[in-house]
Every structure is written in structure tokens, then in C-alpha cells.
Amino acid sequence: MTVHQFTPPPADFHQRVHDSLENPRIRANFRSAMDGLMSKRSSAFADWELEALRDLGEQVRKRALARLPDLLETLEANCQAQDIQVHWAKDGDEACHIIQGLCEQHNARRVIKGKSMVSEEMELNHYLEARGIEALESDLGEYIVQLAEETPSHIIMPAIHKNTEEISDLLHERTGTNQSRDVDYLTASAREQLREKFMQADVGISGVNFAVAETGTLCLVENEGNGRLTTTVPPVHIAVTGIEKVLPTLDDVAPLLALLTRSATGQHITTYFNMISGPRAQGELDGPEHVHLVLVDGGRSEIYQDNELLSTLQCIRCGACMNHCPVYTRVGGHAYGTTYPGPIGKILMPHLMGLEKTQDLPSASSLCGACGEVCPVRIPIPDLLVRLRREAVDGDQLNTSTVAGHGVKRRRLEASIWHLWAWLHRRPLLYRWSVRLAGQLRGLHPKRIGAWTRYRTAPRVARQSLHQRIQAEQRGDQR
Ligand code: SF4
């Protein structure tokens, strides 16, 4: 049995990446899981006009964002009309404070939580636990990472970095479940433990996938039924979400739901789709007595001011960009050290945390474009990465004294190499001569080029350039 010991991840981004790359278990777990998800997504869209659906998804999100301030006011009015109390939080701290206040108002000591990435952003569990309120995750993946004292490594599948054996050991150690490689048994054990917690909970906290302004409806997509229990069994339900999740009408939900479930897990529809429109009405048999909605800004208003970055807010948190990213699939989610890992994290986190704390993220990309090609709402992720890279470098040039010396030197060396490259490419004769010379010296190519070849094979220069080959073929044709 592996005895679980919580080890905090290293603070340095490069060290986390090296640790992940040198961990064959992480690479194997992610590779097999992501390969499976990519193939499921592609089968799920096989009979659909995918590009037309992506166009529609993009339009719906763009239209909603264009009217965001109005829609938020409409949402607030329509929620209040249905007895959903609306609270506004400028950042995560304020949102945590509001939720703590609501728990105290309802004398709550035990909270059960459905999956919510915004609550991860806010570090809500730690906040509540530090104030004597137990907060237990009920999504199976979230429950596993909570038991392991870790953070989610994927926005849809939080415990994807663990295999069955590791989960079995963890459940055995933390909850006394028998060790087993039988996934159904492990799931049933966790369900049994959680079922009791649902019954004891004073408050249920959930996320929101779409908040519909015209009807004041909170939509929640899930597969395990824990979302439905979280929002109906405890006497108080608190929904927490970012301000960008609002949509004008119920009609707008359909195309986004079709895109979300297929892009995320390759499902045509999830097992549960919850539509919450207020507390339990008179005569109804279930549902909470009180419903609250906490709308969190957390840096989103700033993103909203920037015409280019605004598209980041179109995100429907499907995770497809992560599943298809050659960097994410090799290093896994924890290497990023941020709430949102992978391509979406690389464009979102610099705005939520500040570029100075996340300046390595935009560079952790091969710019292959796969993320942009699969994004169901057409967020131009590669373009935004290029812009953030430029800002990170410009920032360094302006503040060299605040950046670690070797980082500045590395960037200067890189800039000099690109200047030389640009100079050579503007001189065709010199360029051709240099390419020919490189072809003749290819036998001398170094096997290692510093850190670049630590996890890759050094490419060999071709014997002939493309130009030389075309010329040779043309000469052959003429003969
Ligand atoms: S950026 Fe696009 S692909 Fe990535 S999680 Fe958001 S919606 Fe999905």
C-alpha cells in the first residue's frame, strides 16, 4: 500500500514542470485519459455540423458578453422575483466573507459542496474550515483530491492524475474502505460515505454553468447526482459563480449545452441537467427553504474592458483545450500551479493573479493551435498567448531589476538569436548559403542543446533545404 503523504508542490514553475516530466506515472495517467477523451469528443461530434455549431456557440457567448451589465441587472431582478437572494462580490475574499456570513445567518456548521471552479479560485474550503465550518466536496473527483489534500488537476475531472490503485489506497487510508481495484466498489463506498453527509449538511454550495437572465434560472450540468442532492437536500442552497456566466434566454442554453457536454466528456448529454428557479414552493416535497446566488467579479471586469481579452470570458469551462494540449497532456494540471491549468489557465490566470506572478504560463505553449481549433466557442487562445508573451517580455524590459537575473539573461539571448534570424532572412543570398552550410555540417549537430533537449530529441538539419530539393526536381523534369 502507498501511504499517502501530502507534500506541497515546489513554488517554482520550472521545478514543477521538471518534476512532472520525470514522473512516469503522471505522464501515463494523463496520456491515457486525454487520448480517451479526445476520441470520445470526436465520436460525439461525428454526426454534427461541428463548425456551424461552434459558430453558433461563439455568437451566443459574444452576444451575451456584449450586454453583460444589462443582463446581470435583469438576472438579479428575476432571481429576486423568485425569492433567490443575490449577492455581489468584487473578489474571492469578499465572496468567501459573504458565504461565511450566510452560513452564520443560518447557524450552519456543516456544508456539502458540488463542483465549482469559482470556489476553487476563492479557496473557499480553507476559508470556511479556518472559521470552524466543515466543507466537504461531494463530486467524486473533488472528494478524492480533498482527501489527498491536493488541488484539482483538471477542471472537469479533478482527480484524473490518479489511477485506480492510488485512489483505492487513498480511500482505504482515509476512510477505511477495503482496498480494491473494482471501480464500481470504490464508487459505491464513496457514495455511501457521502450520502450520510448530505443528510447532515446545513448548507449546500454549488457552482452554476449558465445563469439565464430572462427567467432567473440557474443551470447546473453534472453526472453524479451530487449536484442535485447538494441543491435540494440541505435547507439552504448557495450558488456561486463568476459574473460572465449569464445568458440572455433559455434558448441560448441549448447550443452551449450541446457543445459543453460533447467537448468535455464526449457525452451527448450529461446524466443530470438541473434548472434551479427558487426555493421550495408551498406544496412541493423537496428543495431548500432558502436560495442565494453569489456573483463574483474576481478580475473579470478588468478583462471585460479589453476588447481582445474579452473573448477569454466566452469560456464555458469544457476542458477540451486541456485535453488536446501537447503540453498539458505531458505535464498534467498541477505543474501549472494555478486553479485553471492548461491553455484556458494560461490566458485567464495572468488576469486573475497578475502577469508578474504568472509570466511563465504564456510561454508554456508550443503554439501548435490545437486549443484554438477545438474550443467550442472559438476563443482565439494562441493569439491571446502571443499577446501575453509580448506583455511578459515588455514588462521584463521595463522592470529588469525585479526579475531574476538568469531569466533576463535568457530572454536577452533569445531576443539576440531572433534578431540574427530576422537579419539573415532579409538577405536571400546569405540565407541560402547558411542553409547549404548547415546541411553540409549536419553530421556535427549537437545531441544536446541545453535544457531544450532534456525531454526532446534534437532535430537534425536536412541534407537539402526545400528550396534545393525543388530546384533539383525541376532540373530532373527538364532533362
Ligand atoms: S477555452 Fe474553450 S476549450 Fe478551453 S475550457 Fe474554455 S471553452 Fe473549453
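Structural notes, computed from the coordinates. (Residues numbered from 1 in each chain as written. Predicted model: local features only at pLDDT ≥ 70, side-chain atom pairs only at ≥ 80, totals over all residues. Heavy atoms only, no water.)

Per the secondary structure count, the chain includes 21 helices and ten strands. Taken over the C-alpha trace, the chain has a radius of gyration of 25 Å; the compact-globule value for 479 residues is 23 Å, and the two agree within 12%. Along the first, second and third principal axes, the C-alpha atoms of the chain reach 90 × 55 × 55 Å. The contacts of the chain with a sequence gap of at least 6 include a subset with a gap of at least 24, amounting to 72%. Accessible area of the chain: about 24000 Å², with a carbon and sulfur share of 52%. (Helix = DSSP H or I, 4+ residues; strand = E, 2+ residues; numbered from the N terminus. Rg over C-alpha atoms; globule rule 2.2 N^0.38 Å. Contact = heavy atoms within 4.5 Å. Areas by Shrake-Rupley, 256 points an atom, 1.4 Å probe, with all protein chains shown as cover.)

Along the polypeptide, Ala 281 turns up in the loop between strand 9 (272-276) and strand 10 (290-296). Sequence separation of Ala 281 and Asp 83 is 198 residues, and the distance between their C-alpha atoms is 10.0 Å.

Attention shifts here to helix 10 (residues 183-200). The terminal C-alpha atoms of helix 10, which comprises 18 residues, lie 26 Å apart, in line with the 26 Å expected from a rise of 1.5 Å per residue. All buried positions along helix 10 are accounted for by Leu 186, Ser 189, Ala 190, Leu 194 and Phe 198. In the core, the buried residues of helix 10 are packed alongside strand 2 (110-113), strand 3 (134-137), helix 8 (140-147), helix 9 (164-175) and helix 11 (226-232). (Expected span 1.5 Å × (residues − 1). Buried < 20%, exposed > 50% of the residue type's maximum accessible area, 1.4 Å probe, protein only.)

What follows is about the nonpolar core. Among the nonpolar cores identified, the biggest contains 102 residues, and Ile 99, Met 122, Leu 128, Ile 205, Phe 210, Leu 293 and Val 294 are the most heavily contacted of them. Top element by residues in this core is helix 12 (residues 253-265). It accounts for seven residues. Apart from the residues within four sequence positions on either side, Ile 99 is in contact with Met 122, Leu 124, Leu 128, Ile 205, Ile 238, Val 240 and Val 294. Residues Tyr 143, Ile 167, Leu 171 and Ala 190 belong to the second largest nonpolar core, which totals 17 residues. (Core = buried A, V, L, I, M, F, W, Y, C linked by side-chain atoms within 4.5 Å.)

What follows covers unusual backbone geometry. Its identity as a non-glycine residue notwithstanding, Glu 149 has a phi of 55°, on the positive side. With respect to the helices, strands and loops of the structure, Glu 149 is situated in the loop between helix 8 and helix 9. Non-glycine residue Arg 317 carries a positive phi angle of around 55°. Along the chain, Arg 317 turns up in the loop between helix 13 (300-304) and helix 14 (320-323). For Arg 317, a relative accessible area of 10% gives the class buried.

This paragraph deals with the sheet that holds strand 4 (residues 203-206). Taken together, six strands build an open sheet; the order of strands is 1-10-7-4-2-3 and the sheet is parallel. Edge positions in the sheet fall to strand 1 (84-89) and strand 3, since each has one partner strand and no second. The average angle at which neighbouring strand axes cross in this sheet is 20°, direction not considered. Looking at chain direction, strand 1 and strand 10 are connected through six bridges and run parallel. Within the sheet, the bridge partner assigned to Ile 84 lies in strand 10 and is Val 291. The sheet contacts of helix 5 (residues 92-105) involve strand 1, strand 2, strand 4, strand 7 (236-242) and strand 10, and relative to strand 1 the element is tilted by about 145°. (Pairing = 2+ DSSP bridges. Axes fitted to C-alpha atoms, helices over the stretch in contact; angles between N-to-C directions.)

Once that is clear, we can look at the site of the ligand. Taken together, Cys 315, Ile 316, Arg 317, Cys 318, Gly 319, Cys 321, Ile 344, Cys 375, Pro 376, Val 377, Ile 379 and Ile 381 make up all the residues around the ligand. When the residues that make up the shell around the ligand are grouped by side-chain class, the tally is ten nonpolar, one polar and one charged. (Near = heavy atom within 4 Å. Nonpolar A, V, L, I, M, F, W, Y, C, P; charged D, E, K, R; others polar.)

With that settled, consider a nonpolar patch on the surface. A cluster of nonpolar residues, Leu 420, Trp 423, Leu 430, Trp 433, Leu 437, Leu 441 and Leu 444, forms a patch on the protein surface that exposes about 720 Å² of accessible area. Among the secondary structure elements, those contributing two or more residues to the nonpolar patch are helix 19 (405-425) and helix 20 (428-440). Looking at which element gives the most residues to the nonpolar patch, the answer is helix 20, with three residues. (Patch = residues over 30% accessible without salt bridge, like charges linked within 9 Å, V, L, I, M, F, W, Y side chains within 5 Å. Salt bridge = Lys/Arg side-chain N within 4 Å of Asp/Glu carboxyl O.)

Glancing now at the pattern of salt bridges. Counted under the stated rule, the structure contains 20 salt bridges. Across the pair Lys 162 and Glu 150 runs a salt bridge whose closest N-O atoms are separated by 3.3 Å. Placement of Lys 162 in the loop between helix 8 and helix 9 and of Glu 150 in the loop between helix 8 and helix 9 is noted, with a sequence separation of twelve residues between them. A salt bridge links Arg 387 to Glu 391; the nearest nitrogen and oxygen atoms lie 2.8 Å apart. Taken together, the residues span about one helical turn, with Arg 387 and Glu 391 both in helix 18 (residues 381-398) at a distance of four residues.

Another point: the state of the cysteines. Here the structure, examined in full by the defined rule, presents zero disulfides. As a non-bridged cysteine, Cys 219 has Cys 79 as the owner of its nearest cysteine sulfur, 11 Å distant. Considering cysteine sulfurs only, Cys 368 is the nearest to Cys 325, which forms no disulfide, with 6.5 Å between them. (Disulfide = S-S within 2.5 Å.)

A full pass over the atoms with the stated rule returns three aromatic pairs. Ring centres of Phe 30 and Tyr 328 lie 5.4 Å apart, and the angle between their planes is 85°; on these two criteria the pair is classed as edge-to-face. On the criterion of sequence distance, the pair formed by Phe 30 in helix 2 (residues 24-44) and Tyr 328 in helix 15 (residues 328-331) is long-range, its members being 298 residues apart. By relative accessible area, Tyr 328 is classed as buried at 0%. Put simply, the rings of Phe 30, Tyr 328 and Tyr 336 touch in pairs and so form one group of aromatic residues. (Phe/Tyr/Trp six-rings, centres within 6.5 Å; stacked < 30°, edge-to-face > 60°.)

Turning to the pairing of strand 2, a few remarks are in order. The pairing of strand 2 with strand 3 spans four bridges and is classified as parallel. Considered in strand 3, the bridge of Ile 112 is made with Leu 136. Of the strand pairs in this sheet, strand 2 and strand 4 are connected by three bridges, and their pairing is parallel. Directly across from Lys 113, in strand 4, lies its bridge partner Ile 205.

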